[in-house]
Amino acid sequence: MPRLTAWFVSSRKPQTGDNAVIVGHSLTSNSNVSEWWSELMGPGDACALDLANEFVVCVNYLASPYGSSSPVTPDPGKRNGESYAADFPTPITVRDNVRLQRLLLERLGVRHLRLAIGGSMGSMLALEWAATFPDFVTELVLIAGCGRHTDWAIGIGEAQRFSIMADAKFKGGQYDPKDPPLAGLATSRMMAMLSYRAPRSVDERFARGVMENPHGECADERVEKNPSADVVSVEGKLGGTLVAEPKPRAATAMRKPSSHGDIGCTAHANESASETLPYFAVESYLQYQGKKFIQRFDANCYIQLTYTLDSHDVARGRGAYEDVLRRLTHRTLVVGITSDVLYPFSLQA
């Protein structure tokens, strides 16, 4: 049986009454809700997740690298403790996760859910809970999700997967765990970060700013002189100062990196040629996000989880899509984000 890991906290134990809540996390989050939704948690009715009166549960999705069975889990059918890797079954659907989570809840003593809540992929889980076990859950909170993955979202996911698969180190998913396809995975994350914002919000945030050194020297020179130097930066930047307005001549523009040795990526074999290119702040931001992501995630896991997203269709095998949604009579709060490119507001409407 697949292995699930869960996070649960409450001053109350699960009962047969209506005091349990299931939380669905987003695509690459973990099951520790306090790390990403702490503002919603606390004692009393003023908090969406009332820890004084409710038993709150969040479960890692199958294929997540944070504990549940996934491509990085040792495969009992292989020698030397090798992981499932490319042999992990696919696709694991959102519905598969709900069914397995139901078994987990029953083992924990939960007989009913007051609420199923989640954002993005988590909202798909909450909706699937209502469709699969309509009498088991009373209320829903669906944040920035959809009832079935759209062609637009599937297309974005495929482009992200292809960037990983095109990395020479990927090797069809049978890569060396000590030498994974970091460049492909970082690129995939960069693409994902753009899909979480509207073009206008990105334009307003960066305003065509370029990276600039505040002391007239390139970043690598500064680090060489003082390894502990605090390179001034805007949020998420690799180094330097975001320049959207004219600055004194004492500051010089940073060189656009011609290579990224930490992920094995060479952007331009001729280093001097790349010096003529502006190093836009948005580029630095995306590179930072990509490199931060590869420190905590696995390429096969990311691919498998995106397949889970693509398989999401609350109406699969149940009839016409609109009819299936109409049959869900649960008290529901639907929240949309107008700047979300991946799951546009129209899907929530």
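This text goes with the structure placed above it.
Residues numbered from 1 in each chain as written. Predicted model: local features only at pLDDT ≥ 70, side-chain atom pairs only at ≥ 80, totals over all residues. Heavy atoms only, no water.

Visitor: Before we go on, may I ask you to explain the overall build of the chain in this structure?
Guide: A tally of regular secondary structure across the chain gives 11 helices and 13 strands. For the chain, buried positions account for 47% of its 349 residues. Pairs at least 24 residues apart make up 74% of the contacts formed inside the chain by residues separated by at least 6 positions. (Helix = DSSP H or I, 4+ residues; strand = E, 2+ residues; numbered from the N terminus. Buried < 20%, exposed > 50% of the residue type's maximum accessible area, 1.4 Å probe, protein only. Contact = heavy atoms within 4.5 Å.)

Visitor: Quick question: what am I supposed to make of the pattern of salt bridges here?
Guide: Two side chains bearing opposite charge may form a pair once their charged atoms approach each other closely. All chains considered together, the criterion is met by 14 salt bridges. E204 is paired through a salt bridge with R200; the nearest N and O atoms lie 2.9 Å apart. Of the two residues, E204 and R200 both sit in helix 5 (residues 199–206), four residues apart, roughly one turn of that helix. Of the residues examined, E204 reaches a relative accessible area of 54% and is grouped as exposed. (Salt bridge = Lys/Arg side-chain N within 4 Å of Asp/Glu carboxyl O.)

Visitor: Is there a simple way to think about the side chain of H25 in this case?
Guide: Looking at the element boundaries, H25 is found in the loop between strand 2 (20–24) and strand 3 (41–42). One polar contact links the side chain of H25 to the main-chain carbonyl oxygen of S29, over a distance of 3.4 Å. (Polar contact = N/O pair within 3.5 Å; in protein donor to acceptor, adjacent residues only side chain to side chain.)

Visitor: I'm lost on the packing of helix 5 against helix 8 (residues 281–293) in this one. Help?
Guide: A pair of packed helices can be characterised by two numbers: the angle between their axes and the separation between those axes. Interaxial distance between helix 5 and helix 8 falls to 9 Å at its minimum, and their mutual angle equals 110°. Put simply, helix 5 runs roughly perpendicular to helix 8. On helix 8, the residues touching V202, R205 and F206 of helix 5 are A281, V282 and Y285. Class assignment for the residues of the contact of helix 5 with helix 8 results in five nonpolar, no polar and one charged. (Axes fitted to C-alpha atoms, helices over the stretch in contact; angles between N-to-C directions. Parallel < 35°, antiparallel > 145°, perpendicular 65-115°, else oblique. Nonpolar A, V, L, I, M, F, W, Y, C, P; charged D, E, K, R; others polar.)

Visitor: What should I look at first to understand unusual backbone geometry in this one?
Guide: Peptide bonds are trans in most cases, and residues, glycine excluded, mostly fall at negative phi. In this model, T90 is joined to P91 through a cis peptide bond whose omega is -5°. Turning to its location among the elements, P91 is positioned in the loop between strand 5 (55–59) and helix 1 (94–108). Phi is positive for A85, close to 50°, though the residue is something other than glycine. Examined against the element boundaries, A85 turns out to sit in the loop between strand 5 and helix 1. Although it is not a glycine, R208 sits at a positive phi angle of roughly 60°. Tracing the sequence through the fold places R208 in the loop between helix 5 and strand 8 (210–213).

Visitor: Looking at this structure, how should I read the packing of helix 3 (residues 151–165) against helix 4 (residues 182–195)?
Guide: Between helix 3 and helix 4, whose axes approach to 7 Å, the crossing angle comes to 160°. Taken together, the axes of helix 3 and helix 4 lie roughly antiparallel to each other. Handedness of the crossing formed by helix 3 with helix 4: right-handed. Mapping the contact onto sequence places I156, A159, Q160, S163 and I164 in helix 3 and G184, L185, T187, S188, M191, A192 and S195 in helix 4. Tallied by class, residues from the contact of helix 3 with helix 4 come to six nonpolar, six polar and no charged. (Left-handed = near helix turned anticlockwise from the far one by under 90°.)

Visitor: I would appreciate a short explanation of the packing of aromatic side chains in the present structure.
Guide: In this description, a pair of aromatic rings is defined by centroid distance and the angle of the planes. Taken as a whole and assessed by the stated rule, the structure comprises 10 aromatic pairs. Centroid distance W129 to F136: 5.6 Å. Interplanar angle 20°. Geometry classified as stacked. Note on accessibility: W129 and F136 belong to one class, buried. Their ring planes at 85° and their centres at 6.2 Å tell us that F297 and Y302 sit as a pair that is edge-to-face. Looking at Y302, the relative accessible area reads 0%, which means it is buried. (Phe/Tyr/Trp six-rings, centres within 6.5 Å; stacked < 30°, edge-to-face > 60°.)

Visitor: Is there a simple way to think about helix 8 in this case?
Guide: Side chains that are three or four residues apart share a direction in an α-helix, a result of its 3.6 residues per turn. Over its 13 residues, helix 8 runs 18 Å from end to end, which matches the ideal 18 Å to within 8%, given 1.5 Å per residue. Of all the residues in helix 8, the buried ones are A281, S284, Y285, L286, Q287, Q289, G290, K291 and F293. (Expected span 1.5 Å × (residues − 1).)

Visitor: Looking at this structure, I do not really get the nonpolar core. What am I missing?
Guide: One recurring pattern in soluble globular proteins: nonpolar side chains tend to sit buried together. Of all hydrophobic cores here, the largest spans 60 residues; its most connected members are I22, L105, L113, W129 and Y302. Counting residues per element, this core draws most heavily on helix 2 (residues 121–132), which supplies eight residues. Among the nonpolar cores identified, the runner-up in size contains 15 residues, and W7, V33, L49 and I143 belong to it. (Core = buried A, V, L, I, M, F, W, Y, C linked by side-chain atoms within 4.5 Å.)

Visitor: Sorry, what's going on with the environment of T276 here?
Guide: In this fold, T276 is placed in the loop between helix 7 (271–274) and helix 8. In this structure, the C-alpha to C-alpha distance between T276 and R255, residues 21 residues apart in sequence, is 8.1 Å. Polar contacts involving the side chain of T276 include one to the main-chain carbonyl oxygen of A273, which spans 2.9 Å.

Visitor: Would you mind showing me how to read the pairing of strand 5 here?
Guide: In summary, the side chains of a regular strand alternate between the two faces of the sheet. Burial analysis of strand 5 places five of its five residues in the buried class, the great majority of the element. Residues of strand 5 alternate between two faces, with F55, V57 and V59 on one and V56 and C58 on the opposite face, all of them buried.

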